[in-house]
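# Overview (structure and organization)
Here is how the chains run, residue by residue.
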Amino acid sequence: MLYRPLGRSGLIVSEIGFGAASWWGKPQFSEASAIRLVHDALDGGVTFFDTGAGYSGGHAEPRLGRALKGRAVGLVVASKAGTFAKDGRIGRDFSPAAIVAGAEASLRRLGLETLPLLQLHGPSAAELTDDLRSALADLKGRGLIRALGVNSFDPAVIEQVLNLPDFDVVMVDYNVLRPEREPLIARAAAAGKGVLAGMPLAMGHTGGQVGKLRAPRDLWYAARGLLRHRREVEAGARFGFLGRTSGMTGAQAALAYVLANPGVACAVAGTTRSNHLRDNLAASGMALPPETLAAIRAAQSRLSG
Ligand SMILES: NC(=O)c1ccc[n+]([C@@H]2O[C@H](COP(=O)([O-])OP(=O)(O)OC[C@H]3O[C@@H](n4cnc5c(N)ncnc54)[C@H](OP(=O)(O)O)[C@@H]3O)[C@@H](O)[C@H]2O)c1
């Protein structure tokens, strides 16, 4: 596993991170299997773990806390505030009081005294108020969080954060389907922000996730794609050639593309299968063959044209 600095935060992260979200965090996925994946990731050198209070109906964050019990020293564990799970729905509240209470609750659920990275989970530009920033500075001052970030798929919000020195990290949706994020990532890196690539596998859709129905989780992945991420499903279907890359799997090619971007510190991939985890970890240090990169660029330009 190779490691990269997370911008100027002072943190170093494994270039493949573990996404503790989605099906991995749900009670329908066995606790033993979920924990085994985290332990395998640790044994494989992963030091970056990403979760959120609102992920997997609120079950992912405490499950990650149980999985990392006794093994969290030296890791960069990241959680998110501003969203929460309630009665099967996702609520949001970016008031300073809610963010402070959320960060404190995340620490309890994760069993940590200091959270290495707290990210605001999808705030609007208007919600990044001076009052909120001062409450976040106070959390840092109290030693409850080490670094601060914003996870947003809205480029305007990320642009705003690039000018705010109190934020160390941004998490953007970056994968072969999102080359338009590249100028933004370059500006973020130039501004000294650590850049995390969320959705580096486009939720599996560049690998034809919707057509692979092997277990109940695959029905859930397919339904999520068809109901909420049609663009990824349709655009991802044009990247089937990734699976024919010489010497690597399609997922490894997708991750190698993301990690070829020098502005990216870590590709955060979620999985529920140990063979997939093995493939993802082995993608660290793999170089994308030039002909695959050329094919990706051609497919991207056909998509945008
Ligand atoms: N999706 C979002 O909206 C979002 C938003 C903010 C942050 N994030 C962060 O980014 C992380 C990753 O996001 P994501 O949307 O890609 O994760 P995800 O929701 O966990 O989806 C990953 C998909 O890719 C498949 N997959 C993983 N490794 C594979 C491999 N080697 N070969 C084939 N298929 C593979 C998984 O299936 P298997 O389980 O079968 O491996 C799953 O269907 C999240 O866990 C979260 O921490 C995501």
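Everything numeric here is computed off the predicted structure, so don't read it as measured data.

## With respect to the nonpolar core
Among the nonpolar cores identified, the biggest contains 81 residues, and Phe18, Trp24 and Phe49 are the most heavily contacted of them. Here this core gets seven residues from one element, more than from any other, and that element is helix H9 (residues 250–259). In this structure Trp24 touches Phe18, Phe29, Ala34, Leu37, Val38, Ala60, Arg63, Leu64, Thr271 and Thr272, once residues within four positions along its chain are discounted.

## Quick look at helix H11 (residues 290–304)
Its 15 residues place the ends of H11 21 Å apart at the C-alpha level, agreeing with the 21 Å of an ideal helix rising 1.5 Å per residue. Buried within H11 we find Thr292, Ile296, Ala299 and Gln300. Along the axis of H11, the buried positions cluster into a sector of 100°, meaning they face one direction only. With respect to the buried face of H11, the exposed residues turned more than 90 degrees away are Pro290, Glu291 and Arg302.

## A closer look at the environment of Asp173
Mapped onto the secondary structure, Asp173 falls in strand S10 (residues 169–173). Here Asp173 falls in the buried class, since its relative accessible area comes to 4%. Between the C-alpha atoms of Asp173 and Gly285, which are 112 residues apart in sequence, the distance is 21 Å. Each residue touching Asp173, except ones within four places of it in the same chain, is listed here: Phe153, Arg178, Arg181, Gly198 and Met199. Polar contacts involving the side chain of Asp173 include one to the side chain of Arg178, which spans 3.4 Å.

## So, the pattern of salt bridges
Under the definition given, this model contains 20 salt bridges. Across the pair Asp173 and Arg181 runs a salt bridge, and its minimum N-O distance is 2.8 Å. Residue classification places Arg181 among the buried residues on the basis of a relative accessible area of 8%. The salt bridge involving Arg178 is made with Glu180; its shortest N-O contact spans 2.9 Å. Taking the relative accessible area as the measure of exposure, Arg178 reaches 16% and is therefore buried. Here the residues in one salt-bridge network are Asp173, Arg178, Glu180, Arg181 and Glu232, joined through shared partners.

The rules behind the values
Residues numbered from 1 in each chain as written. Predicted model: local features only at pLDDT ≥ 70, side-chain atom pairs only at ≥ 80, totals over all residues. Heavy atoms only, no water. Core = buried A, V, L, I, M, F, W, Y, C linked by side-chain atoms within 4.5 Å. Buried < 20%, exposed > 50% of the residue type's maximum accessible area, 1.4 Å probe, protein only. Helix = DSSP H or I, 4+ residues; strand = E, 2+ residues; numbered from the N terminus. Contact = heavy atoms within 4.5 Å. Expected span 1.5 Å × (residues − 1). Arc of directions from axis to C-beta. Polar contact = N/O pair within 3.5 Å; in protein donor to acceptor, adjacent residues only side chain to side chain. Salt bridge = Lys/Arg side-chain N within 4 Å of Asp/Glu carboxyl O.

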